[in-house]
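Architecture and fold: a report
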Amino acid sequence: MLSSLFSANRRLRKAEIPALAQVTPSPWRQAWQALRRNRLAMLCLLLLVVMALWCILGPLWSPWKDDATDALMINRPPGAEHWLGTDFLGRDIYTRLLLAGRISLIIGLLTMLLSVTLGYLLGALSGYAGGLTDKLIMRFADLVMTIPGLPLLIVAGAMLSELDFSPDSRIYMVVIMLSLLEWPKLARLVRGQCLSLRERDFMLATQVLGLSARRRLFGHLLPNTVPILVVMATMAVANAILSESALSYLGLGVVPPTPSWGNMMDAANSLIDFQRRPWLWMPPGIAIFITVIAINVLGDGLRDAMDPKMPRWREELALVERYLCSPPEGVGRFC
């Protein structure tokens, strides 16, 4: 009689598991809900989407072309015909600003993809393999991080100028240079996460079950490091845009006639232009400022949304506890 009672109770609990699963959404859904509650982060996300679409579609509707010069409209202030004025060649700054936004955003995204891929794979391999592999990868990462970033970029940019790369190919060379300096930071963070996670119970269980190394690594270990990957990816975009702007301002990054926000600011390289023609340098400077601030605020919002130590996770646990101890009518109590 007791065995039948226990088996009936066990079947009842199994039937209530789907209802319990509906109380706690998936971690990604929880992170998205937490991010939506962060109004400032959502505003920055909307701002970045609008800016990206504006840079992509805006030049298609502009009556002016990037390479269209007009000797009669040189250094004209903003007006009805040219909303943001013209530069020293009579080109429309508004059109060039949007085209430069394409280049700067593309450089930021490509640098993020390359550096995140390289740092993620090397950091995961270092943290999971350990031993000699860990030492070699981390010592090389330490060596790269000891080199000052901006002076190294200046030297590399000067070498590109001496080797006479075309303006289009310099974009990809700038991406490679920035990626080679960015990956060690992510690799060290991913390595630390892997060292912590591989000692957890669920990873020990994968060894007991006899799963292959590939399945343990790609199926269980690496997916748990994705939150830190997402946060670092947003920061990498902002760092790449700032570094590219600094290089292009010095004439060592993206060079004319290819526009970027950095080399547009280089047009105001004299005191007269800086004082009397602010429309030459203020629009790209404001665009860089707004983009970097929005990306950093969004990155902070993503970090807060994906951090299990934040108060929102305690709220979710309290919700589950209330459901277990005070379930709806017809559902058995769990405590």
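Being a predicted model, the structure only gives us computed values, none of them experimental. (Residues numbered from 1 in each chain as written. Predicted model: local features only at pLDDT ≥ 70, side-chain atom pairs only at ≥ 80, totals over all residues. Heavy atoms only, no water.)

1. Considerations on the overall build of the protein chain
Counting its secondary structure elements, the protein chain contains 14 helices and zero strands. The buried share among the 335 residues of the protein chain stands at 39%. A separation of at least 24 residues holds for 69% of the contacts in the protein chain among residues at least 6 apart in sequence. Roughly 19,200 Å² of accessible area belongs to the protein chain as shown, and the carbon and sulfur atoms make up 67% of that amount. (Helix = DSSP H or I, 4+ residues; strand = E, 2+ residues; numbered from the N terminus. Buried < 20%, exposed > 50% of the residue type's maximum accessible area, 1.4 Å probe, protein only. Contact = heavy atoms within 4.5 Å. Areas by Shrake-Rupley, 256 points an atom, 1.4 Å probe, with all protein chains shown as cover.)

2. Some remarks on the packing of helix 6 (residues 149-162) against helix 7 (residues 167-197)
Viewed as axis vectors pointing N to C, helix 6 and helix 7 meet at an angle of 155°, and their least axial separation amounts to 11 Å. Between helix 6 and helix 7, the interaxial angle falls into the category roughly antiparallel. The handedness of the crossing between helix 6 and helix 7 comes out as right-handed. In this structure, helix 6 uses G149, L152, L153, A156, G157, L160 and S161 to contact helix 7, whose residues at the interface are R170, M173, M177, L178 and L181. A per-class count over the contact of helix 6 with helix 7 returns eight nonpolar, three polar and one charged. (Axes fitted to C-alpha atoms, helices over the stretch in contact; angles between N-to-C directions. Parallel < 35°, antiparallel > 145°, perpendicular 65-115°, else oblique. Left-handed = near helix turned anticlockwise from the far one by under 90°. Nonpolar A, V, L, I, M, F, W, Y, C, P; charged D, E, K, R; others polar.)

3. Things to note about the packing of helix 4 (residues 93-129) against helix 10 (residues 226-249)
To characterise two packed helices, one gives the angle between the axes of the helices and the distance between these axes. For the pair helix 4 and helix 10, the least separation of the axes is 8 Å and the interaxial angle reads 135°. Of the possible angle classes, the one that applies to helix 4 and helix 10 is oblique. Crossing of helix 4 against helix 10: the hand is right-handed. Between helix 4 and helix 10, the contacting residues are S104, L105, I107, G108, L109, T111, M112, S115, V116 and Y120 on the first element and V226, L229, A233, A236, V237, A240, I241 and E244 on the second.

4. Regarding the pattern of salt bridges
Scanning the model with the defined rule gives seven salt bridges in all. Among the ionic pairs, R303 bridges to D300, the shortest N-O distance being 3.8 Å. Of the two residues, R303 and D300 are both situated in helix 13 (residues 282-306); the distance of three residues between them amounts to about one turn of the helix. Note on R303: relative accessible area 44%, which makes it partly exposed. D300 gets classed as partly exposed once you look at its relative accessible area, which sits at 31%. The partner of R303 in a salt bridge is D304, with the nearest N and O atoms 3.5 Å apart. On the accessibility criterion, D304 (27% relative accessible area) is partly exposed. (Salt bridge = Lys/Arg side-chain N within 4 Å of Asp/Glu carboxyl O.)

5. Topic: the layout of surface pockets
Here the idea is plain: a probe the size of a water molecule rolls over the atoms and shows the empty space left. Its boundaries defined by the atoms lining it, the second largest pocket holds a volume of some 400 Å³. Lining the second largest pocket are 18 residues, and of these L48, L105, L109, V237 and I295 lie nearest its centre. Mapped by element, the contributors of at least two residues to the lining of the second largest pocket are helix 3 (39-61), helix 4, helix 10 and helix 13. Broken down by element, the residue count for the lining of the second largest pocket peaks at six residues, all from helix 3. (1 Å grid on protein atoms, 1.4 Å probe; cavity = no way out; pocket = protein on both sides within 12 Å on 5 of 7 lines; lining within 4 Å. Points joined across faces, edges and corners; volume = space filled by probe spheres on them.)

6. Considerations on the packing of aromatic side chains
Enumeration according to the criterion identifies three aromatic pairs in this entry. A centroid spacing of 6.3 Å and a plane angle of 50° characterise the contact between W54 and Y94, whose relative ring orientation is tilted. In this pair, W54 sits in helix 3 while Y94 sits in helix 4, placing the two residues 40 residues apart along the sequence. In this structure W54 comes out as partly exposed when scored by relative accessible area, which is 47%. Ring geometry for W83 and Y94: centres 5.3 Å apart, planes at 55°, overall tilted. (Phe/Tyr/Trp six-rings, centres within 6.5 Å; stacked < 30°, edge-to-face > 60°.)

7. Re the side chain of S248
Locating S248 in the fold gives a position in helix 10. A residue is classified by how much of its surface remains accessible, and S248, at 1% relative accessible area, is buried. Engagement of the side chain of S248 in a polar contact is seen with the side chain of E244, the distance being 2.7 Å. (Polar contact = N/O pair within 3.5 Å; in protein donor to acceptor, adjacent residues only side chain to side chain.)

8. A few points about the environment of N263
When you line up the elements, N263 lands in helix 11 (residues 261-265). Along the chain, N263 and A100 lie 163 residues apart, while their C-alpha atoms are 8.9 Å from each other. Look past the residues within four positions of N263 in its chain and what remains in contact with it is S248, Y249, V254, V255, P256 and T258. There is a polar contact of 3.0 Å between the side chain of N263 and the backbone oxygen of V254.

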